[in-house]
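A look at the structure
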Amino acid sequence: SKHCVNLDNRTANMTVKPFELDMGFQFELHVTVSGKKINVSEIPELPIPKDWMRDKLELNFYKTEGAAGGGEIENVSYSKGSGTAVITFLKPG
């Protein structure tokens with residue numbers, strides 16, 4: 001667990017200590033599907049910024065072309081207060 005590191009002609013003694021990463025959040029979504037849009041409801045309020053939740057929703061519903069149940073995302077409209085989102089895909093599917 002001890003290491004010696006050379007930085008800019010100086011030697012630094014380092015000790016490695018274990019640390020715990022915070023666990024992610026797991027939650028259930030309720031989805032209504034149409035040709036190009038998905039309405040998502042009952043999104044739990046998590047202690048993360050709106051932008052992060054919007055990104056998580058986009059990643060969750062994005063799938064490569066040809067995969068069932070997803071596609072390229074055009075827009076994600078997320079309302080933290082109501083716990084809802086509308087995901088709009090580029091192509092109907």
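Under the annotation held in an unreviewed UniProt entry, the protein carries the name NMI protein and is attributed to Bombycilla garrulus.

1. So, the overall build of the protein
In terms of regular secondary structure, the protein is built from one helix and six strands. Reading the protein from its N terminus to its C terminus gives the helix and strand order β-β-β-β-α-β-β. With 93 residues in all, the protein has 18% of them scored as buried. When contacts within the protein are restricted to residue pairs at least 6 apart in sequence, long-range pairs at least 24 apart make up 37% of them. Carbon and sulfur atoms make up 51% of the accessible area of the protein, which totals about 7600 Å².

2. Some thoughts on the pattern of salt bridges
Per the counting criterion, the structure on display carries two salt bridges. Its salt-bridge partner being Glu74, residue Lys36 comes within 3.5 Å of it at the nearest N-O pair. Highlighted residues: Lys36 in the loop between strand S3 (30-33) and strand S4 (37-41) and Glu74 in strand S5 (residues 73-79), separated in sequence by 38 residues. Residue Glu74 is classed as partly exposed on the basis of its relative accessible area of 45%. For Asp51, the salt bridge is made with Arg54, and the minimal N-O distance between the two is 2.4 Å. Here Asp51 and its partner Arg54 are both found in helix H1 (residues 50-61), three residues apart, which amounts to about one turn of the helix. With a relative accessible area of 46%, Asp51 lands in the partly exposed category. Residue classification places Arg54 among the partly exposed positions, given a relative accessible area of 24%.

3. A closer look at the pairing of strand S2 (residues 10-15)
Among the six residues of S2, zero are classified as buried, and the element is accordingly described as predominantly exposed. Note: strand S1 (residues 2-7) against S2, six bridges, orientation antiparallel. Looking at S2, one finds that Cys4 is bridged to Asn13.

4. As for the pairing of S5
With six bridges connecting them, S5 and strand S6 (residues 84-89) associate as antiparallel partners. Bridge pairing in S6 places Val76 opposite Ile87.

5. Comments concerning unusual backbone geometry
Most peptide bonds take the trans configuration, and most residues that are not glycine carry a negative phi. Notably, Asn9 is not glycine yet its phi reads approximately 60°, a positive angle. Here Asn9 shows up in the loop between S1 and S2. With phi around 60°, Glu42 is a residue other than glycine that occupies positive phi space. Turning to its location among the elements, Glu42 is positioned in the loop between S4 and H1. A relative accessible area of 55% places Glu42 in the exposed class.

Rules and cut-offs
- Residues numbered from 1 in each chain as written.
- Predicted model: local features only at pLDDT ≥ 70, side-chain atom pairs only at ≥ 80, totals over all residues.
- Heavy atoms only, no water.
- Helix = DSSP H or I, 4+ residues; strand = E, 2+ residues; numbered from the N terminus.
- Buried < 20%, exposed > 50% of the residue type's maximum accessible area, 1.4 Å probe, protein only.
- Contact = heavy atoms within 4.5 Å.
- Areas by Shrake-Rupley, 256 points an atom, 1.4 Å probe, with all protein chains shown as cover.
- Salt bridge = Lys/Arg side-chain N within 4 Å of Asp/Glu carboxyl O.
- Pairing = 2+ DSSP bridges.

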